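# Architecture and fold: a report
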Amino acid sequence: MQINRTLAAFDFDGTITTSDSLRDFVRHTVGNARFAMGVLLALPSLVGMLVGLCDRATAKARFLVATIGGMARTELEVAAQQYAARRLPALIRPEMAARINEHKRRGHRLILVSASPALYLKHWAVATGFDAVLATELELRDGRFSGRLASPNCWGPEKARQLQQWFGNDQPRVLFAYGDSRGDQEMLALADYAWLRGLDAMPPIDAWPHKTAER
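In what follows, the accompanying structure is described. (Residues numbered from 1 in each chain as written. Predicted model: local features only at pLDDT ≥ 70, side-chain atom pairs only at ≥ 80, totals over all residues. Heavy atoms only, no water.)

Our focus in this paragraph is the sheet that holds strand β6 (residues 175–179). In a beta sheet, neighbouring strands pair by backbone hydrogen bonds and run either parallel or antiparallel. Strand order in the open sheet formed by five strands is β3-β2-β1-β6-β7, with parallel pairing between adjacent strands. Across the chains shown, the open sheet's two edge strands, defined by having one partner strand only, are β3 (132–136) and β7 (193–196). Averaged over all adjacent pairs, the angle separating strand axes in this sheet is 15°, with direction ignored. Note: β6 against β7, four bridges, orientation parallel. Across the sheet, A177 pairs through a bridge with A194, a residue of β7. Contacting β2 (109–117) and β3, helix α6 (residues 118–128) crosses the sheet at an angle of about 155° to β2. (Pairing = 2+ DSSP bridges. Helix = DSSP H or I, 4+ residues; strand = E, 2+ residues; numbered from the N terminus. Axes fitted to C-alpha atoms, helices over the stretch in contact; angles between N-to-C directions. Contact = heavy atoms within 4.5 Å.)

Next comes the structure, spelled out in structure tokens:
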């Protein structure tokens, strides 16, 4: 694969969306009652994550096994496709949709880098025009979701690692990166132009301050 154009890497939850898509997907898929029960069952791990006693990947897996664990692959795929087509568009920030379209008009490659599951993100990303999705994979065993993660949780250093692995030996000429949280900092550090939601207004592509030397 040759990367010879500008690349724009986007975090998803909180950056492109107005809220967390994983919680929304699970609630949309299993309903409020099972969602609430899953949160209660996973609460010790979720609280442990907040206080640093449980890692994010473990807490995520325990929440998922308590909610969608054991669901059939076919059932999950149908739910993911329906969610991406019918529900997810309502969470997209209009200004981010406009920025994505502007990068596309300029011929830039687009890559989505998210800790949320590729299960549903891939459907939205393909329909939106992204070239690749780097996200957390769920383990499917014997045709059902096992409740485990099939890949490292794509957060923090893992985002940068997966992005660099995707580049391989073909580094982009210029890299834009968009994020909103601590989990995006390593990815943003790789970029020629990095924007973190909440610090400053998102600059126009042609008037981005503090440009570094192009690779």
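Let's shift gears to the packing of aromatic side chains. Working definition: an aromatic ring pair is given by the centre-to-centre distance plus the angle between the planes. Taken as a whole and judged by the stated rule, the model has 14 aromatic pairs. Measuring from centroid to centroid gives 5.4 Å for F25 and Y83, while their planes differ by 70°, and the two rings are edge-to-face. Residue F25 is located in helix α1 (residues 21–30), and its partner Y83 is located in helix α4 (residues 73–87); the two are separated by 58 residues in the primary sequence. An identical accessibility class is assigned to F25 and Y83; each is buried. By way of ring pairs, the aromatic residues F10, F12, W124, F130, F176, Y178, Y193, W195 and W208 are connected into one cluster. In this structure, R27 is placed above the aromatic ring of F35, and the distance from its NZ or CZ to the ring centre is 4.1 Å. (Phe/Tyr/Trp six-rings, centres within 6.5 Å; stacked < 30°, edge-to-face > 60°. Buried < 20%, exposed > 50% of the residue type's maximum accessible area, 1.4 Å probe, protein only. Lys NZ or Arg CZ within 6 Å of the ring centre and 35° of its normal.)

For D142, which is not glycine, the phi dihedral falls at a positive 55°. As for its position among the elements, D142 is in the loop between β4 (138–141) and β5 (144–149).

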